[in-house]
Amino acid sequence: ALHKPLIAVNHIRGHLAASYLSAPDLTPPFVTLLASGGHTAVLYAKSEAEFEILGATLDDAAGEAFDKVARVLGLRYPGGPNIEKCALDGRANVPMPKMLKGGGGYNFSYSGLKTAVINYCHTKEQKNEEYSKADVACSFQCAAVDVLVEKTVAAAKEKGVDTVTAGGGVAANGYLRES
């Protein structure tokens, strides 16, 4: 309608290319963790023009899980920063599933983790038992992030690269960056 050209941009490629904005001297090969509300994947950048998806989410993306868990805990949107803030006052003492830890190659699954949080909170509420939202947030964050780190580092070792980058909104998480 505006007589302007339409240029298709691959969303995944855009997240991958964002690493060049903060590190213009970045040169492939490297491994990237892509973790956002819509995507979770481990990518191997072979060159500036070619990448391989080593693993991806089989269901919910990491950011989507953060948003849904935040809603269950009564935290505001977006969930990621609010889960992180709440988790600072908690301890990782609520049992959470390990989401394909050691299995599934470099794939991820967040639906079971999200469901575990929902079931834990609803069970406590139905029994009129108190629980610490901060402990749930911390436990969830550790479970969600630890597998991201584990699989990304394993991919970098397998590919023999020294450089790992991260993109997407979840990459702003302090616990992820520290880990």
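For the structure itself, look to the data block above.
Residues numbered from 1 in each chain as written. Predicted model: local features only at pLDDT ≥ 70, side-chain atom pairs only at ≥ 80, totals over all residues. Heavy atoms only, no water.

Draft legend 1. Layout of the environment of Val170. Following the sequence through the fold, Val170 ends up in the loop between strand S4 (164–167) and helix H7 (174–178). Linking Val170 and Pro95, residues 75 residues apart in sequence, is a C-alpha distance of 22 Å. Look past the residues within four positions of Val170 in its chain and what remains in contact with it is Ala35, Ser36, Ala62, Gly63, Phe66, Leu148 and Leu176. (Helix = DSSP H or I, 4+ residues; strand = E, 2+ residues; numbered from the N terminus. Contact = heavy atoms within 4.5 Å.)

Draft legend 2. Fine view of the packing of aromatic side chains. For the coordinates displayed, the defined rule picks out three aromatic pairs. For the ring pair Tyr20 and Phe30, a centre distance of 6.1 Å and an interplane angle of 75° mean the geometry is edge-to-face. Residue Tyr20 is located in helix H2 (residues 19–22), and its partner Phe30 is located in strand S1 (residues 30–35); the two are separated by ten residues in the primary sequence. The class of Tyr20 is partly exposed, set by a relative accessible area of 22%. The interplanar angle of 80° and the centroid separation of 6.0 Å between the aromatic rings of Tyr120 and Tyr131 together place this pair among those described as edge-to-face. Placement of Tyr120 in helix H5 (residues 111–126) and of Tyr131 in the loop between H5 and helix H6 (133–159) is noted, with a sequence separation of eleven residues between them. On the accessibility criterion, Tyr131 (18% relative accessible area) is buried. In this arrangement the basic side chain of Lys151 is found over the ring face of Phe108, its NZ or CZ atom lying 5.7 Å from the centre. For Lys159, the ring lying beneath its charged end belongs to Tyr44, and the centroid distance is 4.8 Å. (Phe/Tyr/Trp six-rings, centres within 6.5 Å; stacked < 30°, edge-to-face > 60°. Buried < 20%, exposed > 50% of the residue type's maximum accessible area, 1.4 Å probe, protein only. Lys NZ or Arg CZ within 6 Å of the ring centre and 35° of its normal.)

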